[in-house]
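Okay, here's what each chain looks like letter by letter:
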Amino acid sequence: VKRALSDKDSENFSFKYPDIDITEEVSRDQFSEYAGEPIRRILASLDDTLASAGVSPDEIDLVCSTGGTAKVPAIQEGLEDRFGSDKVQQHNHFHSIVHGLTKIAAGV
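If you're wondering where the values come from, they're calculated on a predicted model, not measured in any experiment. (Residues numbered from 1 in each chain as written. Predicted model: local features only at pLDDT ≥ 70, side-chain atom pairs only at ≥ 80, totals over all residues. Heavy atoms only, no water.)

1. Quick look at the pattern of salt bridges
What counts, and what does not: By definition, a salt bridge exists where a carboxyl oxygen of Asp or Glu is found within 4 Å of a side-chain nitrogen of Lys or Arg. Counting from the N terminus, the helices are the DSSP runs of H or I reaching at least four residues and the strands are the DSSP runs of E reaching at least two. When a residue's accessible area, from a 1.4 Å probe over protein chains only, is under 20% of the maximum for its type it is buried; when over 50% it is exposed; and in between it is partly exposed.
Counted according to the given criterion, the structure contains five salt bridges. Note that Lys71 is salt-bridged to Asp7, the shortest N-O span being 3.8 Å. Highlighted residues: Lys71 in the loop between β3 (63-65) and α4 (73-83) and Asp7 in the loop between α1 (2-5) and β1 (10-17), separated in sequence by 64 residues. According to the relative accessible area criterion, Asp7 is exposed, its value standing at 58%. Put simply, Arg82 and Asp47 hold a salt bridge, and the shortest N to O gap is 2.7 Å. Taken together, the positions of Arg82 in helix α4 and Asp47 in helix α3 (residues 36-53) put the pair 35 residues apart, joining distant regions of the chain. Judged by relative accessible area, Arg82 falls into the partly exposed class, the value being 25%.

Next comes the structure, spelled out in structure tokens:
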């Protein structure tokens, strides 16, 4: 559902287990509300990292966002609010994570 809501306004959540059958439509707004606190923490960590490094957002030339969570519209908006949409680029969201995990597994 999270992945679908990156591109759509709503998506069906379905969970089936013995004696449990849930199907519920979830809107992007609902997801943003449910995920609001984790998203705030992610963006606060970004702000803390910049502050710890003594770097302001206008000193950043390019922001490369990778991974599925980076596609969440609220995360993208947070990046664009801080750095400007012209600096934020999305790259191989899922392949970059697999590539990194492969390197870790290989001990590189």
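Picking up where we left off.
2. Brief notes about the environment of Leu5
To keep things clear, this is the line we draw: Contacts: residue pairs with any heavy atoms within 4.5 Å of one another.
As for its position among the elements, Leu5 is in helix α1. Judged by its relative accessible area of 2%, Leu5 is buried. When the C-alpha positions of Leu5 and Lys71 are compared, they lie 9.2 Å apart, and in sequence the two are 66 residues distant. With residues up to four places along the chain from it excluded, the contact list for Leu5 reads Ser10, Glu11, Val26, Ser27, Arg28, Phe31 and Pro73.

3. Thoughts on the nonpolar core
Put simply, the test is: By convention a nonpolar core is built from buried Ala, Val, Leu, Ile, Met, Phe, Trp, Tyr and Cys residues, the set being connected through side-chain atoms within 4.5 Å.
Core analysis: the biggest nonpolar cluster contains 14 residues, and Phe31, Ile39, Val63, Leu79 and Phe83 have the highest contact counts within it. Setting aside chain neighbours within four positions, we find Phe83 in contact with Leu46, Leu50, Pro57, Ile60, Val63 and Val88.

4. Section: the packing of α3 against α4
As a reminder of what qualifies: Inter-axis angles, ranging from 0 to 180 degrees, are taken between N-to-C directions of lines fitted to C-alpha atoms, where helices are fitted over the stretch in contact. For classification purposes, angles smaller than 35 degrees are called roughly parallel, those larger than 145 roughly antiparallel, those between 65 and 115 roughly perpendicular, and all remaining angles oblique. For any pair of crossing helices, the crossing counts as left-handed if the nearer helix is rotated counterclockwise from the farther one by less than a right angle, and right-handed if it is rotated clockwise. Three classes are used, and their members are as follows: Ala, Val, Leu, Ile, Met, Phe, Trp, Tyr, Cys and Pro are nonpolar, Asp, Glu, Lys and Arg are charged, and the others, Gly among them, are polar.
Direction vectors running N to C along α3 and α4 enclose 30°, while the axes themselves pass 10 Å from each other. Here α4 runs roughly parallel to α3, going by the angle between their axes. Crossing handedness for the pair α3 and α4: right-handed. Residues Ile39, Ile42, Leu43, Leu46, Asp47 and Leu50 of α3 form the contact with α4, whose participating residues are Ala74, Ile75, Gly78, Leu79, Arg82 and Phe83. Of the residues in the contact of α3 with α4, the class split is nine nonpolar, one polar and two charged.

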